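# Commentary on secondary and tertiary structure
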Amino acid sequence: MKWTPPRESVPTLRLTPAVRAIFGLEIRSLLRDVRTVLISVVLPVLLLPALFLASSWMEDQRVEREEARTYRFAVTGADSAFAASLMDQIAAESGEEATDRRFLPVRTDDARAALERALLDLYVETLTPQEWEAVEAADTLNLEMPDQYAGARVFLIRFHSSRTASREGADRLREHLAEVRTARRDSMLVAAGFPVDPEMVAVVEARNVATDQAVQGARLGRFLTLILMGLMLLGASAVATDTLAGEKERGTLTTLLTTAASRTEIITGKLLAIVAVALAIALIQILNLWVYLGLGIIDAGAGFAVTVTPTLALSLFVLFLPVVALTSGVLLLTSAHARSYKEAQLVLPAVILGMSLPTLAPFLPDLSLRSAIMLVPIANVAVGVRDLLIGQVHGPSLLVAWLVTGAAATWVTARCIRALHDEELITGDTSREEFLGGPDLFRKRVIRWFIVLWAVKVLVDFNLPVDDLRVAVLVSVGIVFLAFPLIVIWHFRLDPKKALALRMPRPGVWLGVLLGAPAGLVAANFAFQLMDFVLPVPTELVENFGQVLMPETIPVWQLVLFLALVPGIVEELTFRGVLLHGLRRRFGPVGLALVVGIIFGFFHFQIFRIPATALLGVILTAVTLLSGSIFPAILWHTLNNGLAVYLGARGVEFGGESWWWAVGSVLLLALAFWIIWRSRTPYPDLRSPQPDRDLDDRDPD
Amino acid sequence: MNKPPVRTQGLTKVFYDDNRGEVRAVDQVDLTCQKGEILGLLGANGAGKTTTLRMLSTVLQPTAGRAWVMGHEVRDEPERVRGSLGFYSASTALYPKITPRETLRFFARMNRYPSDQVDDRVEELVRRFRIQDYADTRVEKLSSGMKQKVSIARTVVHDPPVLIFDEPTVALDVLNAIELRQFISQLRGEGKAILFSTHIMSEAEQLCDRIAIIHHGEILATGTLDELRETTGLHYLEEIFVRYAQVDDPVQAARENLR
C-alpha cells in the first residue's frame with residue numbers, strides 16, 4: 001500500500017479527520033473517567049436547581065421567622081411613663097393585625113446590659129433636653145444630630161445592629177413612633193384651632209415603577225455570569241489540565257506531536273473538546289433556568305423569581321458563546337504553558353480567580369454597558385447579561401461587547417497554537433531570547449509589557465486626585481510615558497537611537513507635517529461625529545470632559561504646554577518609539593500602523609475618545625514609518641493637541657456638520673502625505689514582504 | 001535514483017541552559033540511512049542522540065543545517081515528514097482511557113491513513129501482534145508487556161517507510177527487549193529505513209548494520225562494525241567507542257556528563 005501524506009495544512013480551524021479523532025479521544029477519555037464526569041457534568045446539572053431550592057427555602061424560612069418574631073423591649077428614663085403609654089397606643093392601633101402585635105414589654109433594671117446580653121432586642125431611653133445634650137457631647141461616633149427641635153425631649157432607641165431582630169425592631173418602632181407622633185401633632189394642632197387647609201399640605205408617598213421582573217432580573221443577572229463562569233471553570237478545567245499538561249506528564253504528548261497531524265489540528269481538536277464541555281455546562285444552566293424558572297417547577301421565592309421565556313434563554317445562550325470560547329481557550333493555554341500536570345494545578349487557582357473577577361462587574365453600582373466596560377472581555381458580557389435580564393438592552397454596545405470577547409477568544413486560541421510550536425514549552429528549556437535577553441527578547445515581550453503599562457495607567461488615572469490638572473497630566477502622562485520607554489530601554493539594553501527612531505528626516509517632511517496636522521485634526525473631528533452617528537455619546541459626558549480638561553483658571557499657554565507639548569513628546573516616545581520598534585517585524589507596514597494606532601487609542605480610557613485617538617495614532621505611525629524618524633510625529637502630535645486646546649479655549653467651533661470641511665480636510669491630509677511620501681526615508685529593519693528563506697537552500701537531490 | 005530515506009546535512013541544535021549557558025547539543029551532524037538498513041546512534045547520555053532524533057521527527061527545530069525524510073525537509077514540510085515516519089521511545093506513552101483497537105484507529109487517523117482502509121489495517125495489526133485477547137480492554141489495565149506491543153503496533157500503524165527508535169529498550173525487562181529487537185530486525189527485512197539510538201554496546205553490535213558514534217553532539221565515526229574495527233584495530237565496540245570519544249577515564253567522564 002503506497003500513499004503519500006497530503007501537503008501541509010494551512011493554519012485555519014477546520015474539521016479534518018485528525019481534528020475529529022482528537023475530539024473523539026478527548027470526549028471518550030472524559031466520559032470514561034467517573035470523577036471528571038461528576039465534576040464536569042453531574043455537578044453543574046444539580047447546582048443551579050440546588051441554588052434555587054436553597055434560595056427558596058431560605059426565603060420561606062425568613063418569612064416564617066419574621067411572622068413569628070417578637071421584639072422584646074423596655075422603656076427607661078425619666079419620662080418612661082409617657083413613652084410606655086405611646087407604646088400601648090402602638091399596640092392598640094395595630095391591634096387588628098396580628099403580625100404587628102409583636103412588641104413585647106420586658107421588665108429590667110439595667111436595660112443596657114440586657115441589650116448586650118441579648119435579653120432585650122431594643123429599649124427606648126427617654127431623655128430630657130439636658131440629658132440629650134450630655135449624650136450628644138459624649139457621642140464618639142459623631143452622629144448627625146437634628147437640632148431643629150432643641151429644647152424638646154428625646155426618645156432614644158438603643159439597639160444592637162449585629163442582630164437581625166434588634167435591627168428590624170428598631171426600624172419598625174421608629175416608623176410607628178413617627179406615625180403616632182404625626183397623628184398626635186395633627187390632632188393637637190386641630191384641637192388648638194390651627195386652620196389646616198388641605199391645599200397647604202402635601203402627603204409624601206413613594207411608588208416603585210420597576211416591574212418585579214426588572215428587580216428580580218437585576219438580582220439574578222448580577223449572579224448569573226459568575227455562577228456560570230464558576231461552573232465552567234470547574235468542569236472544563238478538569239478536561240483542560242488533563243489534556244496538554246497531563247499529556248506532558250504521561251508522555252503521550254511526544255506520541256501526539258510525532259504524528260502527521262499539524263499543531264493547529266491538535267489544538268483545534270482539544271479546544272473543541274473543552275468548548276464542548278463548557279458549552280454543555282452553559283446549555284445545562286440555561287436549560288435549568290428555563291425549566292425551573294420558566295416552567296415554574298421550582299418556586300425560587302423572592303430571590304430569583306424571573307420569568308424566563310425561550311427567547312430570553314436563547315439570547316442568554318448566544319451571549320455566553322464568546323465567554324465559553326474564551327474560558328476554554330484560557331484553560332487550554334494554561335495547560336499548554338504548564339510544564340507538568342502539577343504546575344497546571346498550581347496555576348489554576350490564579351486563573352480561576354482572574355477569570356471570575358470580571359464576572360463581578362455587574363455588582364458595581366449602576367455600571368452601564370455604554371462605558372469603557374464595553375471593551376473588557378467577559379466583564380462586558382456579564383453586564384450585558386444583567387441588562388438582558390432587567391430588560392434594558394443597548395443593542396450596539398451589546399454587539400461590541402460580544403465581538404470584543406469573541407476577539408479575545410480568537411487571540412487566545414492563536415496563542416495556544418503558538419504554544420505548541422514553542423519547543424521550550426515542550427522540552428522545558430530556556431529559549432535563546434530569554435537566555436540572552438536584550439533586543440530580541442523585547443520583540444517577544446513587547447505586547448506583555450504594554451498590557452502591564454495599560455494596567456498601571458488605569459491604576460494611576462483612576463486613583464489620582466485631580467485637584468490640579470497640571471499635576472495630573474504631569475504624573476499620568478509625563479511621568480508614566482517617559483519612565484516607560486526609559487525602563488524598557490534600560491531593561492532590554494536597547495539602543496536608544498534605534499528604539500526611539502531618533503533620526504533626522506528630510507526637510508520636505510516638515511512641510512507635510514505643518515499641512516497635515518490641522519487637516520488631521522479636522523478629519524478626526526469629523527470621524528468623531530461620524531462615530532457619534534453610530535454610537536451616540538452623551539453630550540454632557542463630552543462637555544464634562546472638556547471642562548475637566550480645560551478649566552478656565554489655567555492660562556492658555558499653560559494648557560498648551562501641559563496638554564500638547566508634554567503628551568506630544570512622551571506619548572510619541574512610548575508609542576511611535578518603543579512600541580513601534582518592538583512590533584516592527586511582526587506586521588507589514590499597514591498592519592503596523594493599524595495595530596500601533598489602535599493600541600494608542602485604547603490608552604484613552606473615555607470610550608468616546610478611542611476612535612478619534614486611534615485614527616490619530618494610525619496617522620502618526622504612518623508618518624513615522626515613512627520618515628523613519630520620531631520627530632515629525634512629535635511635531636504633528638503637539639500641533640494637533642495644541643490647535644485643539646487653543647481653539648477649544650477660544651471657543652472656536654470648526655468643522656460643524658459641513659461636508660465641505662470633511663472633504664477639504666481629507667484632501668489636504670492626502671496632499672500632506674504625498675509630500676511626506678516624496679521625502680520619505682523609510683523606517684529601517686521592517687519585516688520583508690516575503691519570508692526570508694534562501695531558495696538555493698533546498699534539497700539538492 | 002537511490003535517494004536515501006533519511007539524510008541530514010550540518011544538522012545543529014543549540015540550547016540555552018540557565019546553568020551551563022550555550023550548549024551545542026548537536027553539532028554539524030551528517031547522517032544517511034538507507035532502505036532496509038538499521039543505523040545505530042551510539043553515545044552516552046547527553047551525547048545528542050535524542051536531540052538529533054527529535055529534530056528528525058520535527059518535535060524540535062534545528063538551529064542550523066537541514067534534514068530530509070523521504071525527500072521532505074523537516075522545516076519546510078514537517079507534516080509530510082511526520083507522516084513518513086514512526087517514532088518510538090521510552091517516553092512515547094499511550095492514552096490510558098482507550099482500548100488498543102481505539103488507540104490504533106486513533107493514530108491511523110492522526111497520520112492520515114486512508115479512512116476506508118483504517119479498519120482493515122487495525123485488524124491486520126491486532127492479528128500480527130497477537131493482541132486479540134485484550135484489544136478491547138482499556139490500556140490502563142494492561143501489563144507493561146502488553147502495552148509495549150500496542151505501542152509498537154501504534155508506531156507502524158500507518159506503514160511508514162522510516163522508523164525511529166530512541167533508546168527503546170531502556171525501560172524494558174530482558175524478554176521484552178529481546179522481542180522488540182526481533183521485531184526491529186523484521187522491519188528491516190520489510191525494507192524500512194531504521195534509526196536506532198542506544199547507549200548499550202551489545203545492542204548496537206547485535207542489531208545495527210552501521211553505527212554512528214556520537215559524543216558531545218558530534219559524530220566521531222560512522223561505519224559498519226567491521227569498518228570500525230579495521231580503522232581502529234580494536235575488536236570490542238566498547239573499546240572502539242572509548243578510543244573515539246577519547247575518554248581516558250570513563251568514570252570521570254560520566255561524572256562530568258552528569259554535571
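Since the structure is predicted, the reported quantities are computational estimates derived from the model, not experimental observations.

### Considerations on the overall build of chain A
Scanning chain A from N- to C-terminus turns up 25 helices and four strands. Taking all 701 residues of chain A together, 36% fall into the buried category. Taking all contacts inside chain A whose residues are at least 6 apart in sequence as the whole, residues at least 24 apart take part in 78%.

### Focus on the overall build of chain B
If you tally the helices and strands in chain B, you get ten helices and ten strands. The C-alpha atoms of chain B give a radius of gyration of 19 Å, which matches the 18 Å a tight globule of 259 residues would have. Principal axes of the C-alpha set define a box for chain B whose edges measure 55 × 45 × 40 Å. Counting over 259 residues, chain B shows a buried share of 47%. When contacts within chain B are restricted to residue pairs at least 6 apart in sequence, long-range pairs at least 24 apart make up 67% of them.

### Things to note about the sheet that holds strand β4 (residues 154-159) of chain A
Residue and element names in this part refer to chain A. Across the sheet, four strands lie side by side as β2-β1-β3-β4; this open sheet has mixed pairing. For this open sheet the edge positions go to β2 (103-105) and β4, each flanked by a neighbour on one side alone. Strand after strand, the sheet turns through a mean of 30° between neighbouring axes, direction not considered. With six bridges joining them, strand β3 (residues 122-127) and β4 adopt antiparallel strand pairing. Its bridge partner being in β4, Leu-127 is matched across the sheet by Val-154. Helix α6 (residues 164-191) rests against β1 (71-77), β2, β3 and β4 of the sheet, and its axis sits at about 160° to β4.

### Digging into the domain arrangement of chain B
Residues and elements named next belong to chain B. Partitioning chain B into structural domains gives domain 1 (6-84 + 160-258) and domain 2 (97-157). Residue-level contacts link seven residues of domain 1 with seven residues of domain 2. Ranked by the residues each element gives to the side of domain 1 that touches domain 2, the list is headed by helix α6 (residues 174-189), at three residues.

### A word on the nonpolar core
Met232(A), Ile274(A) and Ile164(B) are the most contacted members of the largest nonpolar core, which has 155 residues in total. Top element by residues in this core is helix α9 (residues 263-294) of chain A. It accounts for 16 residues. Two domains each put at least three residues into this core: domain 1 (6-84 + 160-258) and domain 2 (97-157) of chain B. Filtering out sequence-adjacent residues up to four positions away, Met232(A) remains in contact with Ala278(A), Ile281(A), Ala282(A), Val324(A) and Thr327(A). In this structure, Leu500(A), Leu580(A), Ile610(A) and Val618(A) belong to the second largest nonpolar core, which totals 63 residues.

### Considering helix α17 (residues 469-491) of chain A
Residue and element names in this part refer to chain A. Here α17 is 23 residues long and its end C-alpha atoms lie 31 Å apart, about the 33 Å a rise of 1.5 Å per residue gives. When the local axis directions of α17 are compared, the greatest deviation, roughly 25°, occurs at Val-475. If you check which residues of α17 are buried, you get Val-473, Val-477, Phe-481, Phe-484, Pro-485, Val-488 and Ile-489. Where α17 is buried, its residues contact α16 (439-463), α18 (496-499) and α21 (556-583). Looking one or two places after α17, you find Arg-493, whose phi comes out positive at around 50°.

### Quick look at helix α10 (residues 310-337) of chain A
Residue and element names in this part refer to chain A. Across its 28 residues, α10 extends 40 Å between first and last C-alpha, which sits within 8% of the 40 Å expected from 1.5 Å per residue. Of all bends in α10, the biggest is about 35°, found at Phe-320, and the proline Pro-322 comes one to four residues later. Across the 28 residues of α10, 20 count as buried, placing the element largely inside the fold.

### Remarks on the sheet that holds strand β4 (residues 64-69) of chain B
Residues and elements named next belong to chain B. A sheet is described by the order of its strands in space; here four strands give the open sequence β2-β1-β4-β5, paired in antiparallel fashion. In the strand order of this sheet, the two ends are held by β2 (21-33) and β5 (72-73), each with one partner. Bridge count between strand β1 (residues 6-17) and β4: five bridges; the pairing is antiparallel. Across the sheet, residue Thr-12 finds its bridge partner in β4, namely Ala-64. Set on the sheet, helix α1 (residues 49-56) makes contact with β1, β2 and β4; between it and β1 the angle comes to about 115°.

### Focus on the pairing of strand β7 (residues 162-166) of chain B
Residues and elements named next belong to chain B. Of all five residues that make up β7, five are buried, and the element is covered over most of its length. Of the two faces of β7, the one carrying Val-162, Ile-164 and Asp-166 and the one carrying Leu-163 and Phe-165 are both buried. Across five bridges, strand β6 (residues 85-89) lies against β7 in parallel orientation. Note on β7: the bridge partner recorded for Ser-89 is Asp-166. Of the strand pairs in this sheet, β7 and strand β8 (residues 193-198) are connected by five bridges, and their pairing is parallel. Directly across from Asp-166, in β8, lies its bridge partner Ser-197. You can see the chain leave β7, run along α6 and come back into β8, and the turn it takes is right-handed.

### Focus: the packing of helix α12 (residues 379-390) of chain A against helix α13 (residues 395-421) of chain A
Residue and element names in this part refer to chain A. At a minimum axis distance of 8 Å, the contact between α12 and α13 shows a crossing angle of 145°. The element α12 and its partner α13 pack so that their crossing is left-handed. Together, Asn-380, Val-381 and Gly-384 of α12 and Leu-398, Ala-401, Trp-402, Val-404 and Thr-405 of α13 make up the contact between the two elements. Split into classes, the residues belonging to the contact of α12 with α13 amount to five nonpolar, three polar and no charged.

### Let's talk about the environment of Phe87(B)
Relative to the helices and strands, Phe87(B) resides in strand β6. Spatially, the C-alpha atoms of Phe87(B) and Arg154(B) are 9.3 Å apart, while their sequence positions differ by 67 residues. Ignoring any residue separated from it by four or fewer positions in sequence, one finds Phe87(B) in contact with Thr258(A), Ser57(B), Thr92(B), Thr155(B) and Ile164(B).

### Side note on unusual backbone geometry
Even without being glycine, Arg493(A) reaches a positive phi, approximately 50°. Note that Arg493(A) resides in the loop between α17 and α18. With a phi close to 50°, Arg130(B) is a non-glycine residue in the positive phi region. Position of Arg130(B) among the secondary structure elements: in the loop between α4 (118-128) and α5 (144-155). C-beta crowding within 10 Å serves as the criterion here: with 10 such atoms nearby, Arg130(B) is assigned to the exposed category.

Thresholds applied
- Numbers given to residues run from 1 along each chain, matching the order in which its sequence is written.
- Here every chain gets a letter starting at A, and every ligand a number starting at 1, in the order they are written.
- For this predicted model, a pLDDT threshold of at least 70 governs which residues receive local features, and a threshold of 80 or more governs which side-chain atom pairs are given and counted, while totals over whole chains, interfaces and linings are taken from all residues.
- The secondary structure listing takes helices from DSSP runs of H or I that are at least 4 residues long and strands from runs of E that are at least 2 residues long, numbered from the N terminus.
- Counting other C-beta atoms within 10 Å of a residue's own tells you its class, since 20 or more makes it buried, 12 or fewer makes it exposed, and anything in between is partly exposed; those C-beta atoms are placed from the backbone.
- This entry defines residue contacts through backbone-placed C-beta atoms, with two residues in contact when those atoms are within 7 Å.
- C-alpha atoms define the radius of gyration in this analysis, and the globule rule sets the expected value at 2.2 Å times the number of residues to the power 0.38.
- Pairing between strands is defined by DSSP: at least two bridges between them are needed.
- Axis geometry follows a simple rule: fit a line to the C-alpha atoms, using only the stretch in contact for helices, then measure angles between N-to-C directions, giving values from 0 to 180 degrees.
- Domains are outlined according to an automatic or database domain assignment.
- Any set of buried Ala, Val, Leu, Ile, Met, Phe, Trp, Tyr and Cys residues joined through C-beta atoms within 7 Å is what this text calls a nonpolar core.
- One less than the number of residues in a helix, times 1.5 Å, gives the span that helix is expected to have.
- The reported bend at a residue is simply the angle between two axes, fitted to the 7 residues ending at it and to the 7 residues beginning with it.
- If the strands point away from the viewer and the path from the first strand over the helix to the second runs clockwise, then the crossover is right-handed.
- Note: crossing handedness is left-handed where the near helix turns anticlockwise from the far helix by less than a right angle, and right-handed where it turns clockwise.
- In this classification, the charged set is Asp, Glu, Lys and Arg, the nonpolar set is Ala, Val, Leu, Ile, Met, Phe, Trp, Tyr, Cys and Pro, and all remaining amino acids, among them Gly, are polar.

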